[in-house]
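# Structural characterization, general
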Amino acid sequence: ADYSLGIKLRLDNPDPIRRRADLYNALGRYRDAIDDYDQSISLKAANPEALLGRGFAWGQLADYHRAIDDFDKLLALEPSNAKALTLRGAAKFRLDDNDGAIADFTAAMKITPQEVYLYLARAAAFVRLGRHSEALQDREQAVKLAPNSAEVYLARGGSYHQFGEHDKGIADRSRAIDLSPDLPEAWFARGSAYFLLGDFAKAQSDLAQAMRLRPNY
C-alpha cells in the first residue's frame with residue numbers, strides 16, 4: 001500500500017498517516033514514526049492506535065516518561081487495553097518503578113492470562129523487590145504455559161538459585177540448553193551454578209562455551 005500517496009490526497013485523514021508511522025516503527029525508524037504519529041494525533045486526539053505506536057516508539061528511544069504519558073492517555077480511552085498496560089509496565093520497570101510495573105502487569109494478566117511475557121516480566125519486578133517466592137510462582141506459571149521455551153527454564157533456574165536449590169537450578173538450565181543450545185545465558189548460568197557447588201571443571205567448560213557463543217560475554 002502506498003501510504004504516502006494516501007497522505008498527499010487526504011491531509012485531513014489521520015489513518016493513512018498513522019499506518020505509515022506503524023511502518024516506520026516496524027523498520028526501526030522511530031523518530032520518523034513519532035513525527036507521523038504527532039500529525040495523526042493532531043488530527044484526531046482520541047486516537048488509541050497512534051498513542052500506542054508513539055508510546056512504543058518513545059520506549060524504543062528510551063524516553064520512558066513520554067512513553068508512559070502516551071500509554072496513560074490511551075488507557076484513559078481504553079482502560080482494558082492489555083498491550084498498553086504491558087508496555088506501560090515495561091516502561092515503569094525501566095524507570096525502577098517496580099510496584100507500578102507489577103500493578104500494570106497484573107492488570108494485563110486479568111485480560112490476557114495466557115501471555116507468558118507478563119509472568120516473566122512481573123517476576124523480574126518481584127526479584128528487584130526481594131519478593132522471591134512470588135517471582136518463583138510466576139516463573140513456574142510461565143513454565144506451565146510455555147514448556148518448550150528455553151527462556152522460562154532459564155528464568156526459573158534463577159529463582160531456584162535464589163533459594164540455594166542449585167541442583168534444581170542446574171536441571172532447569174540444562175533443559176534450557178537442550179531447547180536452545182546456542183543461548184549463551186543458559187551456559188553461563190549453569191556454569192555459575194556448578195561453580196557455587198564446587199564443580200569447577202564443569203563450571204569452566206560451561207563458561208567457556210558461553211564465551212564461544214558470545215566472545216564479549
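This text follows the structure it describes.
## As for the nonpolar core
Counting 47 residues, the largest nonpolar core has A84, V116, L120, A142, V152 and A176 as its most contacted members. Those residues in contact with V152 that lie beyond four places of it in its chain are V116, L120, A142, V143 and A146.

## Some points on the packing of aromatic side chains
In total, this model carries three aromatic pairs according to the counting rule given. Geometrically, the ring pair formed by Y30 and F56 is edge-to-face, given 6.2 Å between the ring centres and 70° between the ring planes. Note that Y30 is positioned in helix α3 (residues 30–43) and F56 in helix α4 (residues 48–60), a separation of 26 residues in sequence. Y30 sits in the buried class, given a relative accessible area of 18%. Judged by relative accessible area, which is 29%, F56 ranks as partly exposed. The cationic tip of R66 hangs over the ring face of W58; the distance from NZ or CZ to the ring centre is 4.6 Å. Taking the ring centre of F93 as reference, the NZ or CZ of R128 above it sits at 3.6 Å.

## Some remarks on the layout of surface pockets
Empty space within the largest pocket amounts to approximately 320 Å³. Taken together, 17 residues form the lining of the largest pocket, with Y64, A90, A91, R94 and Y117 sitting closest to its centre. When residues of the lining of the largest pocket are traced back to their parent elements, those giving at least two are α4, α5 (64–77), α6 (82–94) and α8 (116–128). Among the elements that line the lining of the largest pocket, the one with the most residues is α6, at five residues. For the lining of the largest pocket, the residue count by class is 13 nonpolar, three polar and one charged.

## Some details on helix α7 (residues 98–111)
With 14 residues, α7 ought to run about 20 Å at 1.5 Å a step, and its terminal C-alpha atoms sit 20 Å apart, in line with that. Where α7 is buried, its residues touch α6, α8 and α9 (132–145).

## A word on the pattern of salt bridges
Scanning the model with the defined rule gives 18 salt bridges in all. One salt bridge connects D36 with R20, and the closest N-O pair in it is separated by 2.6 Å. With D36 in helix α3 and R20 in helix α2 (residues 14–26), this pair connects stretches of sequence that are 16 residues apart. Note that D69 is salt-bridged to K73, the shortest N-O span being 3.2 Å. Note that D69 and K73 are positioned in helix α5 at a spacing of four residues, about one turn of the helix.

What counts, and where the lines are drawn
Residues numbered from 1 in each chain as written. Predicted model: local features only at pLDDT ≥ 70, side-chain atom pairs only at ≥ 80, totals over all residues. Heavy atoms only, no water. Core = buried A, V, L, I, M, F, W, Y, C linked by side-chain atoms within 4.5 Å. Buried < 20%, exposed > 50% of the residue type's maximum accessible area, 1.4 Å probe, protein only. Contact = heavy atoms within 4.5 Å. Phe/Tyr/Trp six-rings, centres within 6.5 Å; stacked < 30°, edge-to-face > 60°. Helix = DSSP H or I, 4+ residues; strand = E, 2+ residues; numbered from the N terminus. Lys NZ or Arg CZ within 6 Å of the ring centre and 35° of its normal. 1 Å grid on protein atoms, 1.4 Å probe; cavity = no way out; pocket = protein on both sides within 12 Å on 5 of 7 lines; lining within 4 Å. Points joined across faces, edges and corners; volume = space filled by probe spheres on them. Nonpolar A, V, L, I, M, F, W, Y, C, P; charged D, E, K, R; others polar. Expected span 1.5 Å × (residues − 1). Salt bridge = Lys/Arg side-chain N within 4 Å of Asp/Glu carboxyl O.

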